[in-house]
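Residues per chain, in single letters:
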Amino acid sequence: MTQPRQSPARSMFGSLVLIAVLIGAGAAAFAYTAGWFSPQRLTPDKLVAALAPPTGAALGHRRNHAKGICFTGVFEANGAGSALSKAQVFTRGRYPVLGRLNLATADANAPDATVRVRGMGLQISTPDGEVWRSAMIDPPFFPVSTPQAFYELLLASASKDPDAMKTFAGAHPEIAAFGAWAKSAPWTGSYAEERFNSLNSFVFTDSSGAEHTVRWSLLPAAQPVPVSPEDLAKRGPNFLEQEITERVRSGPQRWTMVVSVANPGDPTADPSKAWPEDRRAVEVGTLTVQQIEPEPDGPCRDINFDPTVLPSGMRTSDAPFPAARSAAYARSYDLRTAEAKDYPRTVTDAKP
Ligand code: HEM
(Lines give C-alpha, C1' and ligand atoms only; values in the text may rest on other atoms or scores of the structure.)
Protein backbone atom coordinates (compact mmCIF):
# COMPACT_ATOMS: atom_id res chain seq x y z
CA MET A 1 0.00 0.00 0.00
CA THR A 2 1.43 3.36 -0.95
CA GLN A 3 1.50 6.21 1.61
CA PRO A 4 -0.41 9.39 0.68
CA ARG A 5 2.13 12.00 -0.46
CA GLN A 6 2.69 14.94 1.97
CA SER A 7 2.22 18.44 0.61
CA PRO A 8 5.55 20.39 0.32
CA ALA A 9 4.30 22.95 2.91
CA ARG A 10 3.49 20.20 5.41
CA SER A 11 6.82 18.46 5.01
CA MET A 12 8.66 21.78 5.45
CA PHE A 13 6.66 22.40 8.63
CA GLY A 14 7.68 18.93 9.85
CA SER A 15 11.37 19.69 9.20
CA LEU A 16 11.14 22.99 11.05
CA VAL A 17 9.54 21.26 14.04
CA LEU A 18 12.34 18.66 14.01
CA ILE A 19 15.03 21.38 13.87
CA ALA A 20 13.30 23.26 16.72
CA VAL A 21 13.16 20.07 18.81
CA LEU A 22 16.85 19.36 18.16
CA ILE A 23 17.89 22.93 19.01
CA GLY A 24 15.68 22.85 22.11
CA ALA A 25 17.21 19.56 23.24
CA GLY A 26 20.72 20.97 22.69
CA ALA A 27 19.88 24.09 24.68
CA ALA A 28 18.37 22.00 27.48
CA ALA A 29 21.48 19.81 27.61
CA PHE A 30 23.64 22.94 27.73
CA ALA A 31 21.49 24.47 30.48
CA TYR A 32 21.63 21.22 32.45
CA THR A 33 25.41 21.01 32.12
CA ALA A 34 25.75 24.65 33.13
CA GLY A 35 23.64 23.94 36.22
CA TRP A 36 20.75 26.27 35.27
CA PHE A 37 18.11 23.74 36.38
CA SER A 38 19.81 23.16 39.74
CA PRO A 39 21.20 26.41 41.12
CA GLN A 40 22.36 24.54 44.25
CA ARG A 41 24.66 22.28 42.22
CA LEU A 42 28.39 22.89 42.59
CA THR A 43 29.84 23.72 39.17
CA PRO A 44 33.42 24.44 38.05
CA ASP A 45 32.34 28.00 37.20
CA LYS A 46 31.13 28.56 40.75
CA LEU A 47 34.30 27.12 42.27
CA VAL A 48 36.55 29.22 40.05
CA ALA A 49 34.49 32.40 40.61
CA ALA A 50 34.66 31.86 44.38
CA LEU A 51 38.46 31.69 44.23
CA ALA A 52 38.73 35.24 42.83
CA PRO A 53 40.22 37.79 45.22
CA PRO A 54 38.20 40.97 46.01
CA THR A 55 40.29 42.90 43.47
CA GLY A 56 39.32 40.42 40.72
CA ALA A 57 41.07 37.45 39.12
CA ALA A 58 44.69 37.78 38.02
CA LEU A 59 44.11 37.71 34.26
CA GLY A 60 46.30 35.28 32.32
CA HIS A 61 47.24 33.44 35.52
CA ARG A 62 46.03 30.29 37.28
CA ARG A 63 42.86 31.02 39.27
CA ASN A 64 44.47 29.44 42.31
CA HIS A 65 48.18 28.90 43.05
CA ALA A 66 48.58 31.91 40.77
CA LYS A 67 52.18 32.68 41.73
CA GLY A 68 54.76 30.12 40.71
CA ILE A 69 57.93 29.20 38.87
CA CYS A 70 58.72 26.35 36.45
CA PHE A 71 61.29 23.60 36.82
CA THR A 72 62.58 20.68 34.82
CA GLY A 73 64.39 17.60 36.04
CA VAL A 74 64.23 13.87 36.28
CA PHE A 75 62.43 11.19 38.28
CA GLU A 76 64.59 8.20 39.02
CA ALA A 77 62.45 5.16 39.86
CA ASN A 78 64.13 2.53 42.01
CA GLY A 79 61.72 -0.24 40.92
CA ALA A 80 60.04 -0.70 44.33
CA GLY A 81 56.82 1.01 43.19
CA SER A 82 56.17 -1.83 40.71
CA ALA A 83 54.88 -3.84 43.68
CA LEU A 84 51.98 -1.36 43.80
CA SER A 85 51.38 -0.24 40.22
CA LYS A 86 52.18 -1.56 36.77
CA ALA A 87 52.68 2.03 35.52
CA GLN A 88 55.99 2.32 33.67
CA VAL A 89 56.93 5.28 35.86
CA PHE A 90 57.77 2.78 38.64
CA THR A 91 59.96 0.54 36.50
CA ARG A 92 63.58 1.16 37.45
CA GLY A 93 64.78 4.01 35.20
CA ARG A 94 65.04 7.76 34.66
CA TYR A 95 62.06 9.71 33.35
CA PRO A 96 61.85 13.39 32.38
CA VAL A 97 59.98 15.75 34.67
CA LEU A 98 58.35 19.12 34.29
CA GLY A 99 56.90 20.97 37.23
CA ARG A 100 55.97 24.15 39.01
CA LEU A 101 56.63 25.40 42.53
CA ASN A 102 53.84 27.67 43.67
CA LEU A 103 51.91 29.50 46.35
CA ALA A 104 48.30 28.70 47.23
CA THR A 105 46.86 32.12 46.50
CA ALA A 106 44.74 33.56 43.73
CA ASP A 107 46.88 36.72 43.86
CA ALA A 108 49.76 36.47 41.38
CA ASN A 109 51.60 39.29 43.21
CA ALA A 110 51.14 38.13 46.80
CA PRO A 111 54.27 38.67 48.93
CA ASP A 112 55.76 35.21 49.59
CA ALA A 113 55.75 35.59 53.39
CA THR A 114 51.97 36.10 53.44
CA VAL A 115 51.00 32.74 51.93
CA ARG A 116 50.82 29.82 54.33
CA VAL A 117 50.43 26.95 51.86
CA ARG A 118 53.03 26.09 49.22
CA GLY A 119 52.54 23.65 46.37
CA MET A 120 54.17 21.66 43.62
CA GLY A 121 52.73 20.69 40.23
CA LEU A 122 54.49 17.68 38.73
CA GLN A 123 54.42 15.83 35.43
CA ILE A 124 56.47 12.69 34.82
CA SER A 125 56.56 11.28 31.27
CA THR A 126 57.47 7.73 30.31
CA PRO A 127 58.61 6.19 26.99
CA ASP A 128 55.26 4.35 26.59
CA GLY A 129 53.69 7.77 25.95
CA GLU A 130 51.92 8.02 29.32
CA VAL A 131 52.10 10.98 31.69
CA TRP A 132 51.44 11.24 35.41
CA ARG A 133 50.30 14.67 36.60
CA SER A 134 49.93 15.60 40.21
CA ALA A 135 49.43 18.79 42.22
CA MET A 136 50.54 18.55 45.85
CA ILE A 137 50.68 20.89 48.84
CA ASP A 138 52.75 21.11 52.02
CA PRO A 139 50.13 20.75 54.81
CA PRO A 140 49.71 17.18 56.12
CA PHE A 141 45.94 17.32 55.51
CA PHE A 142 43.40 19.44 53.66
CA PRO A 143 41.25 22.01 55.56
CA VAL A 144 37.95 20.37 54.58
CA SER A 145 36.44 16.99 53.69
CA THR A 146 34.54 17.67 50.46
CA PRO A 147 34.59 19.97 47.40
CA GLN A 148 31.27 21.46 48.57
CA ALA A 149 32.86 22.35 51.94
CA PHE A 150 35.84 23.89 50.09
CA TYR A 151 33.41 26.08 48.15
CA GLU A 152 31.64 27.10 51.36
CA LEU A 153 35.01 27.89 52.93
CA LEU A 154 35.85 30.20 50.02
CA LEU A 155 32.50 31.96 50.42
CA ALA A 156 32.89 32.28 54.20
CA SER A 157 36.42 33.67 53.98
CA ALA A 158 35.29 36.30 51.43
CA SER A 159 32.13 37.17 53.37
CA LYS A 160 31.59 40.57 54.99
CA ASP A 161 29.66 38.88 57.80
CA PRO A 162 32.05 38.96 60.80
CA ASP A 163 30.61 35.62 62.03
CA ALA A 164 30.91 33.83 58.67
CA MET A 165 34.08 31.91 59.54
CA LYS A 166 32.76 31.00 63.00
CA THR A 167 29.55 29.67 61.45
CA PHE A 168 31.58 27.75 58.86
CA ALA A 169 33.83 26.21 61.52
CA GLY A 170 30.76 25.14 63.50
CA ALA A 171 29.43 23.25 60.49
CA HIS A 172 32.88 21.88 59.46
CA PRO A 173 34.77 21.08 62.65
CA GLU A 174 37.51 19.32 60.61
CA ILE A 175 38.94 22.75 59.83
CA ALA A 176 40.22 23.11 63.41
CA ALA A 177 43.13 20.71 62.78
CA PHE A 178 44.19 22.71 59.74
CA GLY A 179 43.97 25.95 61.72
CA ALA A 180 46.23 24.44 64.38
CA TRP A 181 48.72 23.30 61.72
CA ALA A 182 48.72 26.76 60.08
CA LYS A 183 49.43 28.41 63.43
CA SER A 184 52.10 26.07 64.72
CA ALA A 185 53.94 24.44 61.80
CA PRO A 186 57.30 26.08 61.09
CA TRP A 187 57.72 28.19 57.96
CA THR A 188 60.85 27.67 55.88
CA GLY A 189 62.86 29.93 53.59
CA SER A 190 62.90 27.54 50.63
CA TYR A 191 60.68 25.46 48.38
CA ALA A 192 63.52 22.91 48.53
CA GLU A 193 62.84 22.34 52.24
CA GLU A 194 59.13 21.55 51.83
CA ARG A 195 57.39 18.21 51.90
CA PHE A 196 54.63 18.03 49.27
CA ASN A 197 51.64 15.71 49.77
CA SER A 198 48.99 14.37 47.36
CA LEU A 199 46.40 14.36 50.19
CA ASN A 200 43.80 12.89 47.84
CA SER A 201 43.93 9.11 47.54
CA PHE A 202 44.23 7.15 44.29
CA VAL A 203 44.06 3.48 43.39
CA PHE A 204 47.14 1.71 42.01
CA THR A 205 46.81 -1.59 40.15
CA ASP A 206 49.79 -3.94 40.12
CA SER A 207 50.70 -6.42 37.37
CA SER A 208 48.70 -9.20 39.07
CA GLY A 209 45.58 -7.01 38.96
CA ALA A 210 45.57 -6.37 42.73
CA GLU A 211 44.51 -2.87 43.78
CA HIS A 212 46.07 -0.67 46.45
CA THR A 213 44.59 2.63 47.66
CA VAL A 214 47.43 5.07 48.15
CA ARG A 215 48.53 8.62 48.81
CA TRP A 216 52.01 9.91 48.02
CA SER A 217 54.44 12.51 49.31
CA LEU A 218 57.72 14.06 48.22
CA LEU A 219 60.13 14.31 51.15
CA PRO A 220 62.85 16.94 50.77
CA ALA A 221 66.52 15.94 50.95
CA ALA A 222 67.28 19.45 52.24
CA GLN A 223 66.95 19.84 56.00
CA PRO A 224 64.08 22.28 56.79
CA VAL A 225 65.32 25.37 58.64
CA PRO A 226 62.49 27.13 60.49
CA VAL A 227 62.23 30.88 59.84
CA SER A 228 59.48 33.10 61.25
CA PRO A 229 57.13 34.79 58.76
CA GLU A 230 58.30 38.16 60.15
CA ASP A 231 61.89 37.33 59.18
CA LEU A 232 60.77 35.93 55.82
CA ALA A 233 58.96 39.23 55.09
CA LYS A 234 62.32 41.03 55.40
CA ARG A 235 63.69 38.90 52.53
CA GLY A 236 61.42 40.69 50.02
CA PRO A 237 58.16 39.80 48.26
CA ASN A 238 59.68 37.21 45.90
CA PHE A 239 62.35 35.60 48.04
CA LEU A 240 61.14 32.04 47.34
CA GLU A 241 61.63 32.30 43.59
CA GLN A 242 64.99 34.06 44.00
CA GLU A 243 66.18 31.49 46.54
CA ILE A 244 65.19 28.40 44.52
CA THR A 245 66.73 29.85 41.34
CA GLU A 246 70.07 30.43 43.08
CA ARG A 247 69.92 27.16 45.00
CA VAL A 248 69.31 25.01 41.92
CA ARG A 249 71.96 26.94 39.98
CA SER A 250 74.51 25.84 42.57
CA GLY A 251 73.26 22.23 42.69
CA PRO A 252 70.25 20.03 41.87
CA GLN A 253 67.61 19.65 44.60
CA ARG A 254 66.11 16.29 45.52
CA TRP A 255 62.97 14.81 47.04
CA THR A 256 62.24 11.14 47.83
CA MET A 257 58.85 9.95 46.66
CA VAL A 258 57.06 7.81 49.25
CA VAL A 259 53.79 6.01 48.51
CA SER A 260 51.63 5.17 51.58
CA VAL A 261 49.15 2.32 51.34
CA ALA A 262 45.74 2.49 53.10
CA ASN A 263 44.59 -0.23 55.45
CA PRO A 264 40.98 -1.38 55.06
CA GLY A 265 38.74 1.19 56.73
CA ASP A 266 41.14 4.14 56.36
CA PRO A 267 39.43 7.37 55.26
CA THR A 268 40.24 7.24 51.54
CA ALA A 269 37.62 9.79 50.43
CA ASP A 270 38.48 12.49 52.97
CA PRO A 271 41.75 14.47 52.56
CA SER A 272 41.23 16.25 55.89
CA LYS A 273 42.06 12.99 57.69
CA ALA A 274 45.70 11.87 57.76
CA TRP A 275 46.28 8.11 57.79
CA PRO A 276 48.04 6.61 60.81
CA GLU A 277 51.85 6.88 60.67
CA ASP A 278 52.36 3.10 60.70
CA ARG A 279 50.84 2.47 57.26
CA ARG A 280 52.96 0.58 54.73
CA ALA A 281 55.20 3.15 53.04
CA VAL A 282 57.19 2.39 49.91
CA GLU A 283 60.05 4.61 48.73
CA VAL A 284 59.60 4.51 44.97
CA GLY A 285 62.24 6.91 43.68
CA THR A 286 63.86 10.32 43.69
CA LEU A 287 62.77 13.58 42.08
CA THR A 288 65.72 15.76 41.05
CA VAL A 289 65.03 19.37 40.11
CA GLN A 290 67.82 20.40 37.72
CA GLN A 291 66.71 23.71 36.27
CA ILE A 292 64.43 26.58 37.27
CA GLU A 293 62.76 28.70 34.61
CA PRO A 294 60.63 31.83 35.09
CA GLU A 295 56.94 31.16 34.38
CA PRO A 296 56.20 33.74 31.62
CA ASP A 297 58.26 31.79 29.06
CA GLY A 298 58.67 28.58 31.02
CA PRO A 299 57.53 25.07 30.08
CA CYS A 300 54.98 24.83 32.95
CA ARG A 301 53.08 27.94 31.94
CA ASP A 302 50.55 26.22 29.70
CA ILE A 303 50.36 22.92 31.56
CA ASN A 304 47.26 21.98 33.51
CA PHE A 305 48.46 19.81 36.41
CA ASP A 306 45.12 18.00 36.43
CA PRO A 307 45.27 15.28 39.10
CA THR A 308 43.12 12.93 37.00
CA VAL A 309 45.77 12.69 34.26
CA LEU A 310 47.15 9.30 35.30
CA PRO A 311 48.99 6.51 33.51
CA SER A 312 47.48 3.07 33.12
CA GLY A 313 48.02 1.35 36.50
CA MET A 314 46.63 4.31 38.45
CA ARG A 315 43.07 5.58 38.76
CA THR A 316 41.01 7.88 40.94
CA SER A 317 39.54 6.45 44.16
CA ASP A 318 36.27 7.11 46.00
CA ALA A 319 37.60 10.61 46.83
CA PRO A 320 35.35 13.26 45.23
CA PHE A 321 38.12 15.86 44.99
CA PRO A 322 40.07 14.84 41.87
CA ALA A 323 36.98 15.00 39.61
CA ALA A 324 35.95 18.40 41.05
CA ARG A 325 39.52 19.63 40.76
CA SER A 326 39.82 18.41 37.18
CA ALA A 327 36.71 20.36 36.13
CA ALA A 328 37.82 23.54 37.97
CA TYR A 329 41.40 23.35 36.63
CA ALA A 330 40.06 23.01 33.08
CA ARG A 331 37.90 26.10 33.56
CA SER A 332 40.87 28.02 34.96
CA TYR A 333 43.07 26.78 32.11
CA ASP A 334 40.53 27.88 29.48
CA LEU A 335 40.26 31.33 31.03
CA ARG A 336 43.96 31.94 31.52
CA THR A 337 45.11 30.68 28.13
CA ALA A 338 42.53 32.94 26.43
CA GLU A 339 43.99 35.89 28.38
CA ALA A 340 47.60 35.48 27.23
CA LYS A 341 47.74 39.16 26.24
CA ASP A 342 47.29 40.08 29.91
CA TYR A 343 50.38 38.04 30.84
CA PRO A 344 53.00 38.80 28.20
CA ARG A 345 55.21 35.91 27.28
CA THR A 346 58.42 37.80 26.69
CA VAL A 347 59.71 41.30 27.20
CA THR A 348 59.25 41.91 23.47
CA ASP A 349 55.55 40.89 23.74
CA ALA A 350 54.96 43.46 26.45
CA LYS A 351 52.72 46.42 25.76
CA PRO A 352 54.63 49.71 25.38
C1 HEM B 1 37.67 21.40 45.15
C2 HEM B 1 38.89 21.70 45.58
C3 HEM B 1 39.87 22.47 44.75
C4 HEM B 1 39.68 23.45 43.83
C5 HEM B 1 38.36 24.06 43.36
C6 HEM B 1 40.98 23.85 43.32
C7 HEM B 1 41.20 24.81 42.36
C8 HEM B 1 42.38 25.07 41.71
C9 HEM B 1 42.57 25.83 40.51
C10 HEM B 1 41.44 26.54 39.75
C11 HEM B 1 43.87 25.79 40.16
C12 HEM B 1 44.55 26.42 38.94
C13 HEM B 1 44.59 25.38 37.81
C14 HEM B 1 45.20 25.87 36.51
O15 HEM B 1 44.85 26.95 36.01
O16 HEM B 1 46.05 25.14 35.94
C17 HEM B 1 44.55 25.01 41.17
C18 HEM B 1 45.88 24.75 41.21
C19 HEM B 1 46.49 23.96 42.15
N20 HEM B 1 45.88 23.22 43.14
FE21 HEM B 1 43.93 23.12 43.52
N22 HEM B 1 41.95 23.09 43.95
C23 HEM B 1 41.32 22.23 44.83
C24 HEM B 1 41.90 21.30 45.64
C25 HEM B 1 43.26 21.09 45.73
C26 HEM B 1 43.89 20.07 46.54
C27 HEM B 1 43.15 19.04 47.42
C28 HEM B 1 45.23 20.21 46.33
C29 HEM B 1 46.38 19.42 46.90
C30 HEM B 1 46.31 18.31 47.53
C31 HEM B 1 45.45 21.27 45.38
C32 HEM B 1 46.66 21.71 44.91
C33 HEM B 1 46.86 22.57 43.86
C34 HEM B 1 48.16 22.92 43.32
C35 HEM B 1 49.52 22.45 43.83
C36 HEM B 1 47.92 23.77 42.24
C37 HEM B 1 48.96 24.42 41.34
C38 HEM B 1 49.28 23.48 40.20
C39 HEM B 1 50.12 24.20 39.17
O40 HEM B 1 51.28 24.55 39.49
O41 HEM B 1 49.62 24.43 38.08
N42 HEM B 1 44.23 21.78 45.03
N43 HEM B 1 43.63 24.57 42.11
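> Help me understand the layout of surface pockets, please; the structure alone is not making it clear to me.
In this approach the atoms are scanned with a rolling probe the size of a water molecule, which exposes any empty space left behind. Put simply, the second largest pocket is a space of about 760 Å³. Those elements that provide at least two residues to the lining of the second largest pocket are β7 (211-220) and β8 (253-261). At five residues, the largest contribution of residues to the lining of the second largest pocket is made by β7. Class assignment of the residues belonging to the lining of the second largest pocket gives a composition of 18 nonpolar, five polar and nine charged.

> It is not clear to me how the packing of helix α2 (residues 44-51) against helix α3 (residues 147-158) should be interpreted in this structure. Could you clarify?
For any two helices packed against each other, one specifies the inter-axial angle together with the distance between the axes. Interhelical geometry of α2 versus α3 gives an angle of 35° and a closest axis separation of 9 Å. For the element pair α2 and α3, the recorded crossing hand is left-handed. Packed against α2, whose contacting residues are Lys 46, Leu 47, Ala 50 and Leu 51, the element α3 presents Pro 147, Phe 150, Tyr 151, Leu 154 and Leu 155 at the interface. A breakdown of the residues in the contact of α2 with α3 according to their chemical character gives eight nonpolar, no polar and one charged.

> I would appreciate a short explanation of the side chain of Asp 206 in the present structure.
Locating Asp 206 in the fold gives a position in the loop between β6 (202-205) and β7. For the buried Asp 206, no salt bridge exists, and the shortest N-O distance to an oppositely charged side chain is 7.4 Å, to Arg 280. Of note is the side chain of Asp 206, whose polar atom sits 2.7 Å from the side chain of Ser 208. With near-sequence residues (within four places) excluded, Asp 206 lies in contact with Ser 82, Ala 83, Leu 84, Ser 85, Lys 86 and His 212.

> What's the story with empty space enclosed by the protein in this structure? I'm lost.
In the structure shown here, the tally under the stated rule is two cavities of 30 Å³ or more. One number sums up the size of the largest cavity: a volume of about 40 Å³. Residue composition of the lining of the largest cavity, grouped by class: two nonpolar, two polar and five charged. Roughly 30 Å³ of internal volume is contained in the second largest cavity. Taken together, Val 48, Leu 51, Ala 52, Pro 53, Ala 57, Ala 58, Arg 63 and Ala 106 make up the full set of residues lining the second largest cavity. When grouped by side-chain class, the residues that make up the lining of the second largest cavity number seven nonpolar, no polar and one charged.

> When you look at the pairing of strand β3 (residues 118-125) in this model, what are you seeing that I'm missing?
Within a regular beta strand, the side chains point alternately toward one face of the sheet and then the other, so they alternate between its two faces. Across the eight residues that make up β3, a large majority, seven, are buried. Sheet topology note: the strand β2 (residues 93-103)/β3 ladder contains seven bridges and is antiparallel. The residue bridging Gly 99 from the neighbouring strand is Leu 122, located in β3. Counted along the chain from β3 to the antiparallel partner strand β4 (residues 131-137), the turn is five residues long, and its residue Gly 129 has a positive phi close to 90°.

The rules behind these values
Residues numbered from 1 in each chain as written. Predicted model: local features only at pLDDT ≥ 70, side-chain atom pairs only at ≥ 80, totals over all residues. Heavy atoms only, no water. 1 Å grid on protein atoms, 1.4 Å probe; cavity = no way out; pocket = protein on both sides within 12 Å on 5 of 7 lines; lining within 4 Å. Points joined across faces, edges and corners; volume = space filled by probe spheres on them. Helix = DSSP H or I, 4+ residues; strand = E, 2+ residues; numbered from the N terminus. Nonpolar A, V, L, I, M, F, W, Y, C, P; charged D, E, K, R; others polar. Axes fitted to C-alpha atoms, helices over the stretch in contact; angles between N-to-C directions. Left-handed = near helix turned anticlockwise from the far one by under 90°. Contact = heavy atoms within 4.5 Å. Buried < 20%, exposed > 50% of the residue type's maximum accessible area, 1.4 Å probe, protein only. Lys, Arg positive; Asp, Glu negative; His and termini not counted. Salt bridge = Lys/Arg side-chain N within 4 Å of Asp/Glu carboxyl O. Polar contact = N/O pair within 3.5 Å; in protein donor to acceptor, adjacent residues only side chain to side chain. Pairing = 2+ DSSP bridges.

None of the figures reported here should be taken as evidence of function without further support.
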